[in-house]
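# Summary of structural features
The primary structure of each chain is shown beneath.
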Amino acid sequence: MDIPTMYEQYVMNTYRRDPQKTLVIKEGRGARVRDERGGEYLDFVGGLAVNALGHSHPRVVEAIRHQAEALIHTSNLYYTEPQAKLACRLSENSLGGKVFFANSGAEANETAIKAARKYAKNNISANRHTFVTALGSFHGRTLATVTATGQEHHQKDFDPLPAGFIYAPFNDADAFERAVNEETCAVMVEPVQGESGVHVAEKDFLRALRRICDENGLLLIFDEVQCGVGRTGTLWAYQDYGVEPDIITSAKALGGGMPLAAAIFNPKISSALGPGDHASTFGGNPVSCSAALAVMEVLLDDGLLQEVNAKSEFILGEIKRIREQLPGVVKGVRGKGLILAMELDGLNAAAVQAGCQSKGLLVNAIGESTVRILPPFIIDEQDVQQFASIFMETLQEITGS
Ligand SMILES: Cc1ncc(COP(=O)(O)O)c(C=O)c1O
């Protein structure tokens, strides 16, 4: 039985996996993956924003190997050096408070939701428990985080949903202000909405949210699960806005491919949760934390983070060239740093994804006619040129131009 057939028979079908049912990825190096038949693909999906350093970055591999030989797991009843060092590194490079470690973005957001509720009840008022989140947001698939997610289609058929979530249009500060009331405990947004099509928050919007939260005694939570860890050109997306949240949630790229997530708190709310309030068996696993320390070193100490904006500019230049040569096909480009989306004029994004894949390029169709790219930060000019030439060839094929 081949691998896709085994999936069909044994793996619950919750993903829109490779529609061509062929791409069994066997290995990855840098910006490329190889399938079981030896076919090579330039990977501009990057594990959906996980593989920021590319595949099997030698520093991450070495950190994992070294830690796995010493200790793979121990309970959070004890201390480990990688977890302590990573918490220190994250705190000192963000809000200056404490960190709770989990395994996934949804779990990090659950942590933030629980912490915000407990903090508000204990410190502000007992009836403060609701959240205002953005329409078009994505915060995860657990019941609380799918309810925080402001998209009905993700919630359909899972009711009754947990109470306490209200939605307002993204980038509409007045609507957020109107949605806030005496029961609100926090506002939660993504600085860049990833899953719903790469929508970037405006500076004034995030600044207004900070003001609204300060005036009403609310916490501001930034979900940086997809846009954090350097993706937008700064370590955290909020750092380019001059707006500091009270809680950041992180996952995806944090562990360099290992499952790891974090809810990072400012000092004011670092004690919101205490012993027995929250836990995660695998959260802060020493192998994952060692991998994350290697990610931080490569980004911050070796300076890879500083290359993100220049690489983004280079990609945008190539996309501009495609738009000039094929007028009207790419209607618009959105994004920041290395999270970008191209809005195609009436073209089927899934067909573009399939066309690119057949030529050795992985891109991600989101929505009817939007293609998202999340390339690793280690790409070079040749990689970008290869992306642009395959992407353009595919558009030419599909439009017959
Ligand atoms: C902004 C954001 N938050 C939360 C999540 C959920 O993360 P996970 O799939 O690790 O639970 C995602 C996943 O795409 C995301 O993009």
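Residues numbered from 1 in each chain as written. Predicted model: local features only at pLDDT ≥ 70, side-chain atom pairs only at ≥ 80, totals over all residues.

Counting its regular elements, the protein chain contains 13 helices and 17 strands. For a compact globule of 401 residues, the expected C-alpha radius of gyration is about 21 Å, and the protein chain comes in at 21 Å, within 12% of that figure. Counting the 401 residues in the protein chain, one finds 48% classified as buried. Long-range contacts, defined here as pairs at least 24 residues apart, represent 72% of the contacts in the protein chain between residues at least 6 apart. (Helix = DSSP H or I, 4+ residues; strand = E, 2+ residues; numbered from the N terminus. Rg over C-alpha atoms; globule rule 2.2 N^0.38 Å. Buried ≥ 20, exposed ≤ 12 C-beta atoms within 10 Å, placed from the backbone. Contact = placed C-beta atoms within 7 Å.)

Below, the discussion takes up the sheet that holds strand E2 (residues 32-35). Hydrogen bonding along the main chain pairs the strands of a sheet, whether they run parallel or antiparallel. Judged by pairing direction, the sheet is mixed, and its four strands sit side by side in the order E1-E2-E3-E15 without closing on themselves. Edge positions in the sheet fall to strand E1 (25-29) and strand E15 (361-362), since each has one partner strand and no second. In this structure, E2 lies alongside strand E3 (residues 40-43), joined through three bridges in antiparallel fashion. Pairing of Arg32 across the sheet is with Leu42, part of E3. (Pairing = 2+ DSSP bridges.)

This next bit is on the site of the ligand. Around the ligand, the structure places 14 residues, and the nearest of them are Ser104, Gly105, Ala106, Val225 and Gln226. Among the elements that take part in the shell around the ligand, helix H5 (residues 105-123) stands out by supplying three residues, more than any other. Its residues placed into classes, the shell around the ligand shows four nonpolar, seven polar and three charged. (Near = placed C-beta within 6 Å. Nonpolar A, V, L, I, M, F, W, Y, C, P; charged D, E, K, R; others polar.)

Quick look at the packing of helix H11 (residues 308-325) against helix H13 (residues 381-399) now. Taken N-terminus to C-terminus, the directions of H11 and H13 make an angle of 25°; their axes are 10 Å apart at the nearest point. The orientation of H11 with respect to H13, classified from their angle, is roughly parallel. Two packed elements cross with a definite hand, and for H11 against H13 that hand is right-handed. Contacts from Phe314, Ile315, Glu318, Arg321, Ile322 and Gln325 in H11 reach Glu381, Val384, Gln385, Ala388, Phe391 and Met392 in H13. Broken down by class, the residue content of the contact of H11 with H13 amounts to seven nonpolar, two polar and three charged. (Axes fitted to C-alpha atoms, helices over the stretch in contact; angles between N-to-C directions. Parallel < 35°, antiparallel > 145°, perpendicular 65-115°, else oblique. Left-handed = near helix turned anticlockwise from the far one by under 90°.)

In this section: the sheet that holds strand E10 (residues 219-223). The strand order across the open sheet built from seven strands is E4-E12-E11-E10-E7-E5-E6, with neighbouring strands paired in mixed fashion. Whereas interior strands pair on both sides, the edge strands pair on one side only; in this sheet they are strand E4 (99-102) and strand E6 (165-168). Going from strand to strand, the sheet's axes swing by 20° on average, the running direction of each strand aside. Sheet strands in contact with H5 are E4, strand E5 (130-134), strand E7 (184-189), E10, strand E11 (247-250) and strand E12 (261-265), and its direction is about 25° off that of E12. In the packing of helix H9 (residues 203-216) onto the sheet, the strands contacted are E7 and E10, and the crossing angle to E7 comes to about 165°.

Interpretation note: all reported values are geometric properties and have no functional meaning in isolation.
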